[in-house]
Amino acid sequence: MSTSGTTVPATGRSTVRSGVAATARGGWWGFLGSAVNAVFGYVLVALVTRGLGAYGAGAVFTGVAAFTILCNTCKLGADTGLVRFVPGDLAITGGRKVGALLRSAVVPGALASTTAAALLFLSPGTATALLPSLAPGDAVTLVRLFAVFLPLATVTLILLGATQGHGTVIPYVGVEQIGKPVLRVLIAVPVLLLAPGVLTLAAAWLVPSLAGFLFAWLALRRCRRRSSEHVAVPETAVPETATRRGFWAFAAPRAISSVFDISAVWLGVVLLSSLATSEEAGIYTAVGRVVIAATLLQLAIRLAVAPEISRLLALGDLPQASHLHRVSTRWIVLFSWPLLALLTSFPGTVLSLFGPEFDQGAGALVLLCIASAVNVGVGNAQTVLLMAGKSTWHLAVTGVAFAVQLTVGFLAIPRLGVLGAALSWGAATVVENVVAAVLVRRHPGFTFIDGGYLLATAVALCLTVPLVGSVRLLAGDTTVGLAVAITMGLCAFGIGLWRFRTALGVHELVGVLRERTP
């Protein structure tokens, strides 16, 4: 297959097929993990909100938000750096620089997270400012509890980035998307029955980090053993200083942009807790959980496609890298847009599952679904920027988006509450993804709009939206209406999927399940 219309040699066809197959296989694992993560994350939020109410849940998830932002800050972009550099080194040198890359990544991340944890312990004023609604003693204890687990969680993310660089998403899926979410729910249930409280439920959220670290370390050891069988030259033959310099030239801008990325998800929770109420922060957390679940396929494909694109670009195979980007974007659009259309039509019903007061977030959910449609519509454009080594470009894009979110948040949240937080995140999402897509177009051939994309749009929207919209008008935002819309939408979508399966590339996505994993 070729983007230029010329015949591709057998080796080129093999590269295309292997890249698409690896992405499809990793995408299936990622989709499974994302689905489990969404379900158990949803269950956990429901347990916490029903056990503590919106007020107590807001305090817990404000702590989770601050912890997540700090964790992603302290890893200094090293996990993405490993995803960027390890596949290329394995493809070109057989992995001779991997050891040096790991040392360059892990040590600074561990030092940064340990320093941040110590500062949290010694700054009780930070805790009371972050959680003004809690009693000062409880706020300090809660923040210190999160600080204990900060270095462990940070290093875990870096180690999992290394396993992704070795071409497998299974450790990441097993730890971050299945292991931790499942363990959190299993621990939270007896905690709610025996000793419900803000501190105990925060501990239930944190304890699985220990098991995650152990699993990530063992998984990386296994990846290293496998790759070492193909190393022809000892690692000591590679100058470590040059490796470290090149690694951090990429990772340093990514360290800052990763802060913007994760802050976009949690900034609304923090601002609502500070500028509005903990109750609104709890409602917004539930809304954000639903939106993230709706885009889980994009995350699944991103996990698998990133190392493949990095490998192809390292080998100089730009046509096949761009083909992989187009096919993966087509898959994301095809399966994500119908779900977003459902959520936009029945927001109150979906949010009522968290509790009766959570339907106040219906307008916020509609806004974020519309913004997420733009996000999934451009595919993983930001991943392409990073895997192409353009971390400075990515930093500029995320910096602009963060400035938009912060500005709109400060202006809108005091007046509009949850809706203002959603407006700020939605505006940032649209700006970030549109600009990233424009920058990706600067690479020759890296366009995501082709005949297959337009067909995916038709199947995803034109066959489902009219049916879903009609049901909403007739039945209203009710449980019965949602059930009927899902049934009718699935029928129409399934027919279109089967009729155009080859043109949409679905046969590649499904066909990989029939093959043995190499």
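Criteria and cut-off values
Residues numbered from 1 in each chain as written. Predicted model: local features only at pLDDT ≥ 70, side-chain atom pairs only at ≥ 80, totals over all residues. Heavy atoms only, no water. Helix = DSSP H or I, 4+ residues; strand = E, 2+ residues; numbered from the N terminus. Phe/Tyr/Trp six-rings, centres within 6.5 Å; stacked < 30°, edge-to-face > 60°. Lys NZ or Arg CZ within 6 Å of the ring centre and 35° of its normal. Salt bridge = Lys/Arg side-chain N within 4 Å of Asp/Glu carboxyl O. Buried < 20%, exposed > 50% of the residue type's maximum accessible area, 1.4 Å probe, protein only. Contact = heavy atoms within 4.5 Å.

> An account of the environment of Ala 252 is requested, with residue identities and associated values reported.
By the secondary structure assignment, Ala 252 is in helix α9 (residues 240–275). Along the sequence, Ala 252 and Thr 392 sit 140 residues apart, while their C-alpha atoms lie 8.9 Å from each other.

> Summarise the packing of aromatic side chains; cite the residues concerned and give the values.
Scanning all chains against the criterion turns up ten aromatic pairs. Site record: aromatic cluster; members linked through ring pairs are Phe 85, Phe 247, Trp 248 and Phe 250. Lying across the ring of Phe 250, Arg 84 places its NZ or CZ 6.0 Å from the centre. The ring of Trp 205 has Arg 184 sitting right over it, with the charged end atom 3.8 Å from the ring centre.

> Got a sec to walk through the pattern of salt bridges? Specific residues and values, please.
For the structure shown, the criterion picks out four salt bridges. Of the charged contacts in the structure, one is a salt bridge between Asp 261 and Arg 254, with a shortest N-O distance of 2.7 Å. A relative accessible area of 22% places Asp 261 in the partly exposed class.

> Go over the side chain of Thr 285, please, and point to the residues and values.
Relative to the helices and strands, Thr 285 resides in helix α10 (residues 278–294). Taking relative accessible area as the criterion, Thr 285 reaches 6% and is therefore assigned buried. Setting aside anything within four residues of it in sequence, one finds Thr 285 in contact with Phe 61 and Val 269.

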